[in-house]
Amino acid sequence: MTPTALAVPPAVPPAAPPRGAWADLPVLAVAVVWGGSYLAAKGVTTAHTVIAVLVLRFGLVLPVLLVAGWKQLRALRAAQLRGAALLGLVLGGIFLLETYGVVHTSATNAGLIISLTMIFTPLAEAAVRRTRPSAGFLGAAAVSVAGVVLLTQGAGFTAPGSGDLLILGAALARTLNVLLTARIKAVQDADSLSLTTVQLGGALAVFAVLAALPGTGDSPWAAAAGFGPAEWAGLAFLSVFCTLFAFFVQTWAVRRTSPSRVSLLLGTEPLWAAAAGIAIGGEHLGAAGFAGAALVLGGTAWGRRAAAG
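Conventions adopted
- Residues numbered from 1 in each chain as written.
- Predicted model: local features only at pLDDT ≥ 70, side-chain atom pairs only at ≥ 80, totals over all residues.
- Heavy atoms only, no water.
- Helix = DSSP H or I, 4+ residues; strand = E, 2+ residues; numbered from the N terminus.
- Buried < 20%, exposed > 50% of the residue type's maximum accessible area, 1.4 Å probe, protein only.
- Contact = heavy atoms within 4.5 Å.
- Areas by Shrake-Rupley, 256 points an atom, 1.4 Å probe, with all protein chains shown as cover.
- pLDDT = per-residue confidence, 0-100.
- Expected span 1.5 Å × (residues − 1).
- Lys, Arg positive; Asp, Glu negative; His and termini not counted.
- Salt bridge = Lys/Arg side-chain N within 4 Å of Asp/Glu carboxyl O.
- Phe/Tyr/Trp six-rings, centres within 6.5 Å; stacked < 30°, edge-to-face > 60°.
- Axes fitted to C-alpha atoms, helices over the stretch in contact; angles between N-to-C directions.
- Parallel < 35°, antiparallel > 145°, perpendicular 65-115°, else oblique.
- Left-handed = near helix turned anticlockwise from the far one by under 90°.
- Nonpolar A, V, L, I, M, F, W, Y, C, P; charged D, E, K, R; others polar.

Engineer: Tell me what's going on with the overall build of the chain, and back it up with residues and numbers.
Structural biologist: A count of helices and strands for the chain gives 14 helices and 0 strands. Order of helices (α) and strands (β) in the chain, N terminus to C terminus: α-α-α-α-α-α-α-α-α-α-α-α-α-α. Burial statistics for the chain: of 309 residues in total, 49% are counted as buried. Taking the intrachain contacts of the chain between residues at least 6 apart in sequence as the baseline, contacts between residues at least 24 apart amount to 91%. For the chain, the exposed surface amounts to about 13800 Å²; the carbon and sulfur share of it is 71%.

Printed below as a string of structure tokens:
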């Protein structure tokens, strides 16, 4: 689950990149923790605590970002604040879909289905620009979709589960967020820390409003009171590593290596999601599921290369 991947800082000329594998290890670590975030979310969240957990997760990390970037935050123009707040509302929708989805499907399925964002985004961009995607990219999209069909049919060919459909909706919402980020001119020259802070604040406002409504599950305080050490550890992992750590590594990396290299490394997230779900979560794919996972990973990798070419 990748909150700050949606607000990657603008590319600048790389400055004295570290040599060898050391330059890639922090970015690869982000992909690993993001891959593990689906299993962590399943361990912390139930159908009655989704909104409460999101309030707690964002509420823990937002004060740190406010303190770290208060000076830059005050310098934002009104138009930048409005643009970032709009992106925050979309981000809130993404997290609601993802978190409700992961409660109702496997961590492996969630991590692999969400990777379809890499296919949906170039297709949506081509539609907006009224251009035709290359034959190679369309082939990659077909392979990825076939992989999702196989992946979600571990118990035989039936309709995809509600969790799978919610994660698919989250992938579409991520695509919308990427397109909006690229097209809202006011945010293009915004400081990346301030932009992320306002987005997370907008998403937190959405969760707080929903938490105050009747019938939306446990309150954040009731959920927190029921947490044991394992749940607090999972929440800390989601807040500290999957949000704070991931954001600062992206900011560091994009200024020291190429954006395409960062994207390639972060694109391994589905591999780590599947590895965590199977090795730690004890999830089972079956022959059709493994074939589907291979098609999703191969199709998205092919699509990334076709879109770049």
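Having seen the structure, we can now continue with the description.
Engineer: Tell me what's going on with the confidence of the model for the chain, and back it up with residues and numbers.
Structural biologist: For the chain, mean pLDDT is 84; residues scoring 70 or higher make up 86% of the total. Segment residues 4–17: pLDDT under 50, and 34 contacts once partners within four positions in sequence are set aside and those in other chains are kept.

Engineer: Help me get a handle on helix 6 (residues 117–129), residues and values and all.
Structural biologist: For helix 6, which comprises 13 residues, the first-to-last C-alpha distance of 18 Å matches the rise-based estimate of 18 Å (1.5 Å per residue) to within 8%. Turning to helix 6, its buried residues are Thr117, Ile119, Phe120, Thr121 and Ala126. Just downstream of helix 6, Arg130 is the residue with a positive phi angle, here 60°.

Engineer: Break down the side chain of Asp164 for me, citing the residues and quoting the values.
Structural biologist: Position of Asp164 relative to the elements: it lies in helix 8 (residues 162–183). The buried charged residue Asp164 lacks any salt bridge partner; its closest oppositely charged side chain belongs to Lys42, at an N-O distance of 9.5 Å. Beyond its immediate sequence surroundings of up to four residues, Asp164 is in contact with Thr105, Asn109, Ile113 and Thr152.

Engineer: With reference to specific residues and values, describe the packing of aromatic side chains.
Structural biologist: Where two aromatic rings form a pair, the distance of their centres and the angle of their planes describe that pair. Throughout the structure, instances matching the rule amount to 5 aromatic pairs. Centre to centre, the rings of Phe227 and Trp232 are 5.3 Å apart; their planes meet at 85°, and the pair counts as edge-to-face. Owing to a relative accessible area of 38%, Trp232 belongs among the partly exposed residues under this scheme. Taking 6.3 Å as the distance between ring centres and 65° as the angle between the ring planes, the aromatic pair formed by Phe241 and Phe245 counts as edge-to-face.

Engineer: If you had to explain the environment of Ile278 to someone new, which residues and values would you point to?
Structural biologist: Mapping Ile278 onto the fold places it in helix 13 (residues 269–279). Note: C-alpha distance between Ile278 and Thr108 (170 residues apart in sequence) is 7.3 Å. Discounting chain neighbours no more than four positions away, the residues touching Ile278 are Thr108, Glu283, Leu285 and Phe290.

Engineer: Go over the packing of helix 4 (residues 78–103) against helix 8 with me, naming the residues and quoting the values.
Structural biologist: Close contact between helix 4 and helix 8 brings their axes to 8 Å; oriented N to C, the two are set at 160°. Taken together, helix 4 and helix 8 sit at an angle that is classed as roughly antiparallel. Taken as a pair, helix 4 and helix 8 cross one another with a handedness that is left-handed. Residues Leu87, Val90, Leu91, Ile94, Leu97, Glu98, Tyr100, Gly101 and Val102 of helix 4 touch helix 8, and the partners they reach there are Gly163, Leu166, Ile167, Gly169, Ala170, Ala173, Arg174, Leu176, Asn177, Leu180 and Thr181. When the residues that make up the contact of helix 4 with helix 8 are grouped by side-chain class, the tally is 13 nonpolar, 5 polar and 2 charged.

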